[in-house]
Amino acid sequence: MGVFERFLTVWVALGIAAGVVLGLMMPSAFEWVAAMEYAQVNLVVAIFIWVMIYPMMIQIDWAAVKDVRKKPQGLMLTLAINWLIKPFTMAALGVLFFEYIFAPWVDPTSASEYIAGMILLGVAPCTAMVFVWSQLVKGDANYTLVQVSINDLVMVVAFAPIAAFLLGVTNVTVPWETLVLSTVLYVVLPLIAGLLTRSFLARKSTQASGNFVAALKPWSVIGLIATVVLLFGFQAQTIIDKPLVIGLIAVPLVLQTYGIFFLSWWLARQMKLPHNIAGPACLIGTSNFFELAVAVAISLFGLNSGAALATVVGVLVEVPVMLSLVAMVNAWRPAKK
């Protein structure tokens, strides 16, 4: 591991601090970058995520992708966690904390909106950052691609009904522009670029692809740190203005993330999944598609609603928590025989 990967947690912590400080010192600059979005997808953040994903896409081998159907257990685990367990545990934790434990500090209207935002996060499994987490735990790139693709297909038909059921409303609609744009930016385009790059390098030598990916690794980490700086810079003023509310919302979100991960990991062990499939499978079931959750929260409850704030807190919590889970997965990797 290089210096970037070895001290990744330190760089992320510095990125969080830098994002908040810069966001407070240069709010207009971050407002300008934040305005560069379409369908709730920030195009600058998308570029940095693309930089993170691209090296993994070069490793995709279509011949190996076909073999995924021979090992369906990892897919079954991901689908069960994402669609049969996670949305409902998120809703239960939201109700537990904001209708009971935190009731003395939160008014009922705000509490219901925070719960709604948490539910929207729980019903939106991650698309983009999954590739990053999988790469960091040395996951099977081919298997991860299939897992993300199948979850995206299920999301098309399952997101709105489950969200509507848990929210108790009837007018939940899928923001197709957000879903399609995210899929194109985070899956289709980097996949095509990766395949073209792999094909070009294969004509040079058998080692060319591996050498090129190794050279890109520092840039992938830089893309992650830059994304962290932007995300925390966008919300710097909110972090300063509402630290108590953000802390309250973060508690059940963090518990949900660790709880789902440990449940997924236990199930993966029971299913005897290989480490390079178990790791990404558990991380896919743990992380969230925050662009989709934010878009729906704004459309249903408004830009300044508690629901929108809760989805934003989900963004702030996810990166540091997911990095701690990545560290656990790497620590639990079986020793080579």
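Digging into helix 11 (residues 208-234)
An α-helix turns once every 3.6 residues. As a result, residues three or four positions apart point the same way.
Here is step 1: Taking 1.5 Å of rise per residue, 27 residues should cover 39 Å, and helix 11 covers 39 Å from first to last C-alpha, within 8% of that figure.
Here is step 2: At Lys217, helix 11 shows its maximal bend, which comes to roughly 35 degrees, and the proline Pro218 appears one to four places after that position.

Regarding helix 7 (residues 108-122)
Here is step 1: Between its first and last C-alpha, helix 7 extends 21 Å over 15 residues, near the 21 Å set by a 1.5 Å rise per residue.
Here is step 2: In terms of residue burial, helix 7 counts as a mostly covered element, since 11 of its 15 residues are buried.
Here is step 3: For helix 7, the set of buried residues is Ser110, Ala111, Tyr114, Ile115, Ala116, Gly117, Met118, Ile119, Leu120, Leu121 and Gly122.
Here is step 4: Residues of helix 7 that are buried in the fold lie against helix 6 (73-101), helix 9 (141-167), helix 13 (243-270), helix 15 (290-301) and helix 16 (306-331).
Here is step 5: You can read the cap of helix 7 off the contacts: a side-chain oxygen lies 3.2 Å from the backbone nitrogen of Thr109, and it is on Asp107.

Describing unusual backbone geometry
Here is step 1: Within the chain, Lys138 stands out as a residue other than glycine whose phi angle is a positive 60 degrees.
Here is step 2: You can see Lys138 is positioned in the loop between helix 8 (129-136) and helix 9.
Here is step 3: With a phi angle near 55 degrees, Lys272 is a residue other than glycine that sits in the positive phi range.
Here is step 4: By secondary structure assignment, the location of Lys272 is in the loop between helix 13 and helix 14 (275-286).
Here is step 5: On the basis of relative accessible area, Lys272 is assigned to the exposed category, the value being 70%.

Structural notes on a positive patch on the surface
Here is step 1: A cluster of like positive charges, contributed by Lys138, Lys217, Arg333 and Lys336, occupies part of the molecular surface.
Here is step 2: With respect to the element layout, Lys336 can be found in the segment after helix 16.
Here is step 3: Of the residues examined, Lys336 reaches a relative accessible area of 85% and is grouped as exposed.

Describing the packing of aromatic side chains
Here is step 1: Counting across every chain of the model gives 12 aromatic pairs.
Here is step 2: Look at Phe30 and Phe234: their rings are 6.3 Å apart centre to centre, the planes differ by 80 degrees, and that puts the pair in the edge-to-face class. One end of the pair, Phe30, is in helix 3 (residues 27-34); the other, Phe234, is in helix 11, with 204 residues separating them in the sequence.
Here is step 3: For Phe30, a relative accessible area of 9% gives the class buried.
Here is step 4: Here the aromatic rings of Phe262 and Trp332 are separated by 6.4 Å at their centres, their planes lie at 45 degrees, and the arrangement is tilted. With a gap of 70 residues between them, Phe262 in helix 13 and Trp332 in the segment after helix 16 connect regions that are remote in the sequence.
Here is step 5: You can call Phe262 partly exposed: its relative accessible area is 39%.
Here is step 6: Grouped by ring-pair contacts, the aromatic residues Phe97, Phe98, Phe102, Trp105 and Tyr114 constitute a single cluster.
Here is step 7: Lying across the ring of Trp265, Arg269 places its NZ or CZ 4.9 Å from the centre.

Quick notes on the environment of Val321
Here is step 1: Summarising the element assignment, Val321 is placed in helix 16.
Here is step 2: Given the relative accessible area of 8%, Val321 is considered buried.
Here is step 3: For Val321 and Ser287, which are 34 residues apart along the polypeptide, the C-alpha to C-alpha distance reads 9.5 Å.
Here is step 4: Other than its neighbours up to four places away in sequence, Val321 contacts Val254, Thr257 and Tyr258.

Details of the confidence of the model for the chain
Here is step 1: Scored by pLDDT, the chain has a mean of 88; 96% of the residues are at 70 or more.
Here is step 2: Predicted confidence in the chain is weakest over helix 1 (residues 3-6), with a mean pLDDT of 62, and strongest over helix 13, with 95.

Describing the nonpolar core
Here is step 1: Counting residues in hydrophobic clusters, the biggest one holds 112 residues, and the most contacted among them are Val12, Phe98, Trp133, Phe159 and Leu224.
Here is step 2: The element that contributes the greatest number of residues to this core is helix 16, accounting for 15 residues.
Here is step 3: Core analysis: the next-biggest nonpolar cluster, separate from the first, contains 5 residues, Tyr54, Ala193, Val213 and Leu216 among them.

Some words on the environment of Ala214
Here is step 1: Considering the arrangement of structural elements, one finds Ala214 in helix 11.
Here is step 2: Taking C-alpha positions, Ala214 is 51 Å from Ala103, a pair spaced 111 residues apart along the chain.

The rules behind these values
Residues numbered from 1 in each chain as written. Predicted model: local features only at pLDDT ≥ 70, side-chain atom pairs only at ≥ 80, totals over all residues. Heavy atoms only, no water. Helix = DSSP H or I, 4+ residues; strand = E, 2+ residues; numbered from the N terminus. Expected span 1.5 Å × (residues − 1). Bend = angle between axes of the 7 residues up to and from the residue. Buried < 20%, exposed > 50% of the residue type's maximum accessible area, 1.4 Å probe, protein only. Contact = heavy atoms within 4.5 Å. Polar contact = N/O pair within 3.5 Å; in protein donor to acceptor, adjacent residues only side chain to side chain. Patch = residues over 30% accessible without salt bridge, like charges linked within 9 Å, V, L, I, M, F, W, Y side chains within 5 Å. Areas by Shrake-Rupley, 256 points an atom, 1.4 Å probe, with all protein chains shown as cover. Salt bridge = Lys/Arg side-chain N within 4 Å of Asp/Glu carboxyl O. Lys, Arg positive; Asp, Glu negative; His and termini not counted. Charge placed at Lys NZ, Arg CZ, Asp CG, Glu CD. Phe/Tyr/Trp six-rings, centres within 6.5 Å; stacked < 30°, edge-to-face > 60°. Lys NZ or Arg CZ within 6 Å of the ring centre and 35° of its normal. pLDDT = per-residue confidence, 0-100. Core = buried A, V, L, I, M, F, W, Y, C linked by side-chain atoms within 4.5 Å.

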